[in-house]
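Per-entry structural report
Listed below, chain by chain, are the residues.
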Number of protein chains: 2
Amino acid sequence: MNNYKAFVTIRLRDGILDVQGKTVENALHSMAFNSINNIKIGKYVELNVEAESFESAEEIVNQACMQLIANPIIEDYFIDLVESEE
Amino acid sequence: MNNYKAFVTIRLRDGILDVQGKTVENALHSMAFNSINNIKIGKYVELNVEAESFESAEEIVNQACMQLIANPIIEDYFIDLVESEE
């Protein structure tokens, strides 16, 4: 078995209203950060996975994202997987 | 003025207990994802910034992260900045 490390970025799909992003944007504008716009807030997940191959690790992380970590109806996710020494 | 796009990843500093990550990890184990461990959950922020130079854009985003977007006491953040066409 090999160890892999996955870095998953999760963002709301285009067209889904980002209430949290809009709130942070308004707060920044009230703090005079007027040059910042179009804020989108998502999630970033790091995890370790043990698998027989890179492909199998990718499949495990993909299933975990689809079933629990992300909400595929309103979110897109991108998995960056690397082999790990640990 | 130029437009830049910033991608900010925010993660809990090492040693800070990640309660959310631990909860997701327990849930994954109960769903038979036993090969996944050591889950850390952070934030991922995308934003547009208008500035005169790359350095100035970086400074604006850095200040926004320090003052509002991240909590520098318990979180580390990494800014990835690119020039944007928009």
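Right, let's walk through the structure included here. (Residues numbered from 1 in each chain as written. Chains lettered and ligands numbered in written order. Predicted model: local features only at pLDDT ≥ 70, side-chain atom pairs only at ≥ 80, totals over all residues. Heavy atoms only, no water.)

1. Observations regarding helix H1 (residues 19–30) of chain A
Residues and elements named next belong to chain A.
- The end-to-end C-alpha distance of H1 is 17 Å, a good match for the 16 Å that twelve residues give at a rise of 1.5 Å each.
- Taken together, the buried positions of H1 are occupied by Gly21, Val24, Glu25 and Leu28. One side of H1 carries all its buried residues, which in axial view fall inside an arc of 105°. Away from its buried face by more than 90 degrees, H1 exposes Val19 and Ser30.
- Where H1 starts, the residue carrying a side-chain oxygen 3.4 Å from the main-chain nitrogen of Gln20 turns out to be Asp18.
- Positioned one or two residues after H1, Ala32 has a phi angle of 75°, which is positive. (Helix = DSSP H or I, 4+ residues; strand = E, 2+ residues; numbered from the N terminus. Expected span 1.5 Å × (residues − 1). Buried < 20%, exposed > 50% of the residue type's maximum accessible area, 1.4 Å probe, protein only. Arc of directions from axis to C-beta. Polar contact = N/O pair within 3.5 Å; in protein donor to acceptor, adjacent residues only side chain to side chain.)

2. A word on the interface of chain A and chain B
- Counting residues at the interface gives 30 residues for chain A and 30 residues for chain B.
- For the pair chain A and chain B, the interface holds two salt bridges.
- Taking the shortest distance from any N to any O, the salt bridge between Arg11 of chain A and Glu46 of chain B comes out at 2.8 Å.
- At the level of elements, strand S1 (2–12), H1, strand S2 (36–51) and helix H2 (54–69) of chain A are the ones that each hand at least two residues to the side of chain A that touches chain B.
- No other element matches the 15 residues that S2 of chain A contributes to the side of chain A that touches chain B.
- Pairing between S2 of chain A and strand S2 (residues 36–51) of chain B: eleven bridges, direction antiparallel. (Contact = heavy atoms within 4.5 Å. Salt bridge = Lys/Arg side-chain N within 4 Å of Asp/Glu carboxyl O. Pairing = 2+ DSSP bridges.)

This is a description of form; function is not addressed.
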